[in-house]
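Given next are the chains, with one letter for each unit.
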Amino acid sequence: MIRPSVLVFAGSDPSGGAGLQADIQAISALGAHPLSAITALTVQDNDHVFNVHPVPAGLVQQQAHALIAKMDIGVVKIGIVGNRANADAIADIIQLMRQRRPALQVVLDPVLASGHGDSLSQDNPVNAIASLLPLATIVTPNLPEASGLCGGDRRLDTQVETLLSYCPNVLIKGGHDCGPDVVNRWFTNGNQCTWTWPRLEGGFHGTGCTLASAIAALLALGKPMVEAIEEAQAYCHQALQSAYAIADGQRIPNRCVLLEEGK
Ligand code: PXL
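Residues numbered from 1 in each chain as written. Predicted model: local features only at pLDDT ≥ 70, side-chain atom pairs only at ≥ 80, totals over all residues. Heavy atoms only, no water.

1. Section: the overall build of the protein chain
Within the protein chain one finds nine helices and nine strands. The globule rule puts the C-alpha radius of gyration for 263 residues at 18 Å, and the 17 Å found for the protein chain is close to it. With the C-alpha coordinates aligned to their principal axes, the bounding extent of the protein chain is approximately 45 × 45 × 40 Å. The 263 residues of the protein chain split such that 52% are buried. Once local pairs closer than 6 in sequence are excluded, the contacts in the protein chain between residues at least 24 apart make up 68%. (Helix = DSSP H or I, 4+ residues; strand = E, 2+ residues; numbered from the N terminus. Rg over C-alpha atoms; globule rule 2.2 N^0.38 Å. Buried < 20%, exposed > 50% of the residue type's maximum accessible area, 1.4 Å probe, protein only. Contact = heavy atoms within 4.5 Å.)

Here you go:
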């Protein structure tokens, strides 16, 4: 039996909270295999990003080409890309993969900044991912990202209309809202679904990466979109409920929660 893989394009987070390190843990925990092409090296701790060094686009391409030459990959997950050149290189790779596998699914986490608002891109982050939005199967913005991708528009209905004109599934995450609950909303043409989760105390590092990677893993395992979104949220919520501290500041989602429960 071949284990389904997810090809991740993401930046390294040395703190192990977010980025590629988070993606690898979440995808593994849910039973898929993480393949990774590093787009950027970041310099950060669990709270602040000090620097971002995009990997040259040719190197992003080389990492991916070696993998796609050998493996049949069903799902791509994209986190930070580092700059516009890397986004364009990833867009070319996705187009190449789709020639062989037209049903390839792409989960795009349109990260515009870190949780504390630090920059994670060399170029304007909205411009940087412009070539990727139309290739995504699902895009997973939080509220500031949904607004940023729609030219500052803060109305949910027009944001959804704009984002659905690029991509067939839009999951708008309500973590940045206020109130006792986090409301996540999924929209697709002619259908929508809302999930409400109790808001957990404190700050977390890598929540968005965990959720998007979990969706990608569950899609790779063959789950339909709505089930993948629902189960990924349940997993993410569990990981946040058992989050741990590594220092002062944002806590780290416990992405190994399922393994530890099975002990
Ligand atoms: O959570 C978004 C994110 C993605 N990728 C990297 C990050 C962060 C947030 O800090 O550092 C590398």
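2. Points about the pattern of salt bridges
According to the stated counting rule, one finds six salt bridges in the structure shown. Asp23 is the salt-bridge partner of Lys77, the closest N and O atoms lying 3.0 Å from each other. In this pair, Lys77 sits in strand E4 (residues 75–78) while Asp23 sits in helix H1 (residues 19–29), placing the two residues 54 residues apart along the sequence. Using a relative accessible area of 1% as the deciding quantity, one classes Lys77 as buried. (Salt bridge = Lys/Arg side-chain N within 4 Å of Asp/Glu carboxyl O.)

3. Quick word on H1
Where H1 is concerned, the buried positions are Gly19, Leu20, Ala22, Asp23, Ala26, Ile27 and Ala29. The inward-facing, buried residues of H1 contact strand E1 (5–12), strand E2 (33–44), E4, helix H7 (207–220), helix H8 (225–241) and helix H9 (257–261). Directly after H1, the chain includes Gly31, whose backbone phi takes a positive value near 100 degrees.

4. Regarding the side chain of Thr137
On the secondary structure map, Thr137 appears in the loop between helix H4 (125–128) and strand E6 (138–139). The residues touching Thr137, leaving out its near neighbours within four places in the chain, are Arg98, Leu104, Gln105, Val106, Cys167, Pro168, Asn169 and Met225.

5. Describing the sheet that holds strand E7 (residues 169–172)
A sheet is described by the order of its strands in space; here nine strands give the open sequence E3-E2-E1-E4-E5-E6-E7-E8-E9, paired in mixed fashion. Lying at the two open borders of the sheet, with one neighbouring strand each, are strand E3 (49–54) and strand E9 (191–198). Where H1 meets the sheet, it contacts E1, E2 and E4, and its direction lies at approximately 155 degrees from that of E1. Where helix H3 (residues 84–100) meets the sheet, its contacts fall on E1, E2, E3, E4 and strand E5 (105–108), and the angle it forms with E4 comes to roughly 170 degrees. (Pairing = 2+ DSSP bridges. Axes fitted to C-alpha atoms, helices over the stretch in contact; angles between N-to-C directions.)

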